[in-house]
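# Chain and residue survey
Chain by chain, the residues:
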Amino acid sequence: MPAYNEADNLGPLLTALVPALQALTPQWELIVVDDGSDDHTAAVLHPWLQTPGVRCLALSRNFGKEAALTAGLDHALGQVVVMMDADGQHPLALLPRMLQGWRDGADTVCAVRDSRADEGWAKRVGTSLFYRIVNAGSPMAIPADAGDFRLLDRRVVDALQSLPERNRFLKGLYAWVGFRTEFIRYTPAPRAHGRSNFSMTRLLTLALTGVTAFSTLPLRLWSGVGAVVALAAMAYGAFITIEHLVSGNPVPGWPTVVVSLMFFSGVQLLSIGILGEYIGRIFNEVKRRPVYLLRESSGNGRIDRSP
């Protein structure tokens, strides 16, 4: 459970979640990943660390949700791992259904939103456009309304841990590793306190990571645009030459040159920018910096660590 400035939501959620886990199995652990919170999230969590089963991974700074989820997966010991948010919007009533789906043979049980009516129109349109772009250039389909609220078998967790990417887009990685997946539809509960810490800037950054990590469509699309522009330029040049030879009209001068230069300069800069995004991802990968840094680990799970 990644948590960033969720002090107001964390207490009530843990009060309900710990008994829910105890009712499911005697061997359980709850890993709260404090993603560099600067409110009193740590103080709210501290009393719970005296409860056997509750653990805390405190990251050295705010690395983002994808890194926090990766930290949780790296330290989880269970044969089954469930990921959920700390804002209380993921219904705990789905946990028994997820566990039953796993017992029935599913490797991943994924909760899918019924609708996005609780989101603004800009986010809904942006989300729809993003998944259309990613899925158009990706060899596997990434469900548009499936988030991080899901159950993973240990084999799926091990597969995710084996992937070397530093730029993590987990929704794409879930789809890439495959395995048998079952979907459960749900309606998110209203957020009890505060506002989402996932700003529009972070959403755009995550979307850009997803596009560049799982699709080459922008590169292919811009190659097509370049070809069309080049053909149009040659056709226009041929037209001007023929018109001059046949009709004797003077060759258009300054306005044509200026407009053409501005247009082609814009096309070149945009194409360099798109190419630069992919090169930037390569640059970040070859540095091989860790996805996250752990400042402190506390608490103890109730899972047998012996083989």
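Please refer to the structure placed before this passage.
An account of the accompanying structure is given in this report. (Residues numbered from 1 in each chain as written. Predicted model: local features only at pLDDT ≥ 70, side-chain atom pairs only at ≥ 80, totals over all residues. Heavy atoms only, no water.)

## Some words on the overall build of the chain
For the chain, the helix and strand inventory stands at ten helices and eight strands. A separation of at least 24 residues holds for 81% of the contacts in the chain among residues at least 6 apart in sequence. Of the accessible surface of the chain, which amounts to about 16700 Å², a share of 62% is contributed by carbon and sulfur atoms. (Helix = DSSP H or I, 4+ residues; strand = E, 2+ residues; numbered from the N terminus. Contact = heavy atoms within 4.5 Å. Areas by Shrake-Rupley, 256 points an atom, 1.4 Å probe, with all protein chains shown as cover.)

## What about the sheet that holds strand E4 (residues 80-83)?
Spatially, four strands are ordered E4-E6-E5-E7 in an open sheet, and the strand pairing comes out mixed. The two strands at the open ends of the sheet, each matched to only one other strand, are E4 and strand E7 (181-186). Neighbouring strand axes in the sheet, compared pairwise and without regard to direction, differ in orientation by 20° on average. Helix H4 (residues 94-103) rests against E4, strand E5 (108-113), strand E6 (146-153) and E7 of the sheet, and its axis sits at about 50° to E6. Lying on the sheet, helix H6 (residues 154-161) is in contact with E4, E5 and E6; it crosses E6 at an angle near 115°. (Pairing = 2+ DSSP bridges. Axes fitted to C-alpha atoms, helices over the stretch in contact; angles between N-to-C directions.)

## Thoughts on the environment of Ser298
Structurally, Ser298 is set in strand E8 (residues 294-299). On the basis of relative accessibility, which here comes to 18%, the residue Ser298 falls in the buried class. Distance from Ser298 to Arg55, taken between C-alpha atoms, is 5.7 Å for residues 243 residues apart in sequence. Ignoring anything within four residues of it in the chain, the contact list for Ser298 reads Leu49, Val54, Arg55 and Cys56. (Buried < 20%, exposed > 50% of the residue type's maximum accessible area, 1.4 Å probe, protein only.)

## Focus on the nonpolar core
In this structure, Met1, Leu30, Leu45, Met98 and Phe149 are the most contacted members of the largest nonpolar core, which totals 28 residues. Of all the secondary structure elements, the ones that give two or more residues to this core are helix H1 (7-24), strand E2 (30-34), strand E3 (54-59), H4, E5, E6 and E7. In terms of residue count, the dominant contributor to this core is H1 (six residues). If you look at the next biggest cluster of nonpolar residues, it comprises 24 residues, including Phe63, Leu152, Leu163 and Tyr292. (Core = buried A, V, L, I, M, F, W, Y, C linked by side-chain atoms within 4.5 Å.)

## Re the sheet that holds E2
The four strands lie next to each other as E1-E2-E3-E8, forming an open sheet whose pairing is mixed. The open sheet has two edge strands, strand E1 (2-3) and E8, and neither has a second partner. The sheet contact formed by E1 and E2 spans two bridges and is parallel. Bridging across to E2, Pro2 finds its partner in Val33. Here H1 sits on the sheet in contact with E2 and E3, set at roughly 155° to E2. This element, helix H3 (residues 65-75), spans E1, E2, E3 and E8 of the sheet and lies at about 135° to E3.

## What about the pairing of E5?
In terms of burial, E5 is a largely internal element, six of the six residues being buried. Neither face of E5 is open: one carries Thr108, Cys110 and Val112, the other Val109, Ala111 and Arg113, and all of them are buried. Where E5 and E6 come together, four bridges link them in antiparallel fashion. Paired with Cys110 across the bridge in E6 is Arg150. Summarising the sheet, E5 and E7 pair through six bridges and their orientation is parallel. Considered in E7, the bridge of Ala111 is made with Ile184.

## Things to note about unusual backbone geometry
One non-glycine residue, Asn5, lies in the positive phi region at around 55°. Inspection of the secondary structure puts Asn5 in the loop between E1 and H1. We note that Phe179 has phi near 75°; this positive angle belongs to a residue other than glycine. If you trace the backbone, Phe179 turns up in the loop between helix H7 (170-177) and E7.

## Quick notes on the packing of H6 against H7
The N-to-C vectors of H6 and H7 enclose an angle of 115°; their axes lie 10 Å apart at closest approach. Taken as a pair, H6 and H7 cross one another with a handedness that is right-handed. Along its contact with H6, which presents Val156, Ala159 and Leu160, the element H7 presents Leu173, Tyr174 and Val177. Here the residues of the contact of H6 with H7 sort into six nonpolar, no polar and no charged. (Left-handed = near helix turned anticlockwise from the far one by under 90°. Nonpolar A, V, L, I, M, F, W, Y, C, P; charged D, E, K, R; others polar.)

## Here's the deal with the environment of Arg113
Note that Arg113 resides in strand E5. Between the alpha carbons of Arg113 and Pro188 there is a distance of 7.0 Å; along the sequence they are 75 residues apart.

## A closer look at H3
With eight of eleven residues buried, H3 lies mostly within the body of the structure. Every buried residue of H3 is accounted for by Glu66, Ala67, Ala68, Leu69, Thr70, Ala71, Gly72 and Leu73.

## What to know about the packing of aromatic side chains
Scanning the entire structure with this criterion turns up one aromatic pair. An angle of 80° between the planes, with centres 5.9 Å apart, marks the rings of Phe149 and Tyr186 as edge-to-face. Taken together, the residues Phe149 in strand E6 and Tyr186 in strand E7 connect sequence positions 37 residues apart. Over the ring of Phe63 we find Arg61; its NZ or CZ atom is 3.9 Å from the centre of that ring. (Phe/Tyr/Trp six-rings, centres within 6.5 Å; stacked < 30°, edge-to-face > 60°. Lys NZ or Arg CZ within 6 Å of the ring centre and 35° of its normal.)

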